[in-house]
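The lines below spell out each chain.
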Amino acid sequence: MKAVGRFNLISKYVKTKGWLGKQPMYQNHPEYTSEGLCAGEALHLWDHLSYRNDNIEMTQTFIAFVKDDDFKLILEKGIQTLVEQARVLEKELIHFKVPLPNRPPNVMPPSAHTEFMDDDNIFRWIFQGIQGALLMHAQSLIECTHNDRIRDIFKDLLFSELEMLALIIKYGKMKGWLNPPLHYGILRK
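Here's what I pulled together on the structure shown here. (Residues numbered from 1 in each chain as written. Predicted model: local features only at pLDDT ≥ 70, side-chain atom pairs only at ≥ 80, totals over all residues. Heavy atoms only, no water.)

**Brief notes about helix H1 (residues 2–17)**
For the record, the criterion: Strands here mean DSSP runs of E at least two residues long; helices mean DSSP runs of H or I at least four residues long; both are numbered from the N terminus. Expected span of a helix, by definition, is 1.5 Å for each gap between consecutive residues, and there is one gap fewer than residues. Relative accessibility decides the category of a residue: with a 1.4 Å probe and only protein chains considered, values under 20% of the type maximum give buried, values over 50% give exposed, and everything between is partly exposed. Summarising the geometry, the arc corresponds to the directions from the helix axis toward the C-beta atoms. Contacts between residues were defined by any pair of non-hydrogen atoms, one from each residue, lying within 4.5 Å.
For H1, which comprises 16 residues, the first-to-last C-alpha distance of 23 Å matches the rise-based estimate of 22 Å (1.5 Å per residue) to within 8%. Turning to H1, its buried residues are Val4, Asn8 and Ser11. Take H1 and look down its axis: the buried residues cluster within an arc of 60 degrees, on one side only. Across from the buried face of H1, at angles greater than 90 degrees, the exposed residues are Lys2, Arg6, Leu9, Ile10 and Thr16. Along its buried surface, H1 packs onto helix H4 (119–143) and helix H5 (148–175).

**Digging into the nonpolar core**
As a reminder, the rule being used: Here, nonpolar core refers to any group of buried Ala, Val, Leu, Ile, Met, Phe, Trp, Tyr and Cys residues whose side-chain atoms link them within 4.5 Å.
Grouped together as the largest cluster of nonpolar side chains are 38 residues, with contacts concentrated most on Phe71, Leu75 and Ile122. Among the secondary structure elements, those contributing two or more residues to this core are helix H2 (39–65), helix H3 (69–95), H4 and H5. Ranked by residues supplied to this core, first place goes to H5 with 9 residues. Once you skip the residues sitting within four places of it in the chain, Leu75 turns out to touch Thr59, Phe62, Ile63, Val66, Ile122 and Ile126.

**Brief notes about unusual backbone geometry**
A positive phi angle, near 60 degrees, is found at Lys97, a position not held by glycine. Along the chain, the position of Lys97 falls in the loop between H3 and H4.

This is the structure:
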């Protein structure tokens, strides 16, 4: 968190000094605001909303297969967070007149035969999705240097995702669902 804070300060400083190259601006700029958005920031906002929509739909599908009630509650709480984040991103895209990606259907899939998937496998898919989202948030944070407010959105998404990762790791350890870590050292016969 401290490193991200330092990066944010450096970004603002470099921008203030005029040391950043001119970035291609998003051309559909609304007249009612002087706030600019570069094309890369528009793409990151769109990409994040698209990714969030996919995560919402996938998590809804996973819930249909989950057997463990506690895990189901965690996934339902995760969907609430994803929906809130999607709303923030959608609001920004609308503000800057960026076309919206398709939304997931607003219906839960019917209950499925739960023997087709195991909870530990679903857990690892969710775990990998969180790791992928972390990379995506970090990359967007680094690349969004024009609009400080948009960079702050990606910072908030990154920190939220880190909190979720910490919780999901604890839960996975408790359940024994994390793959065993590789041990460093000499193998013994």
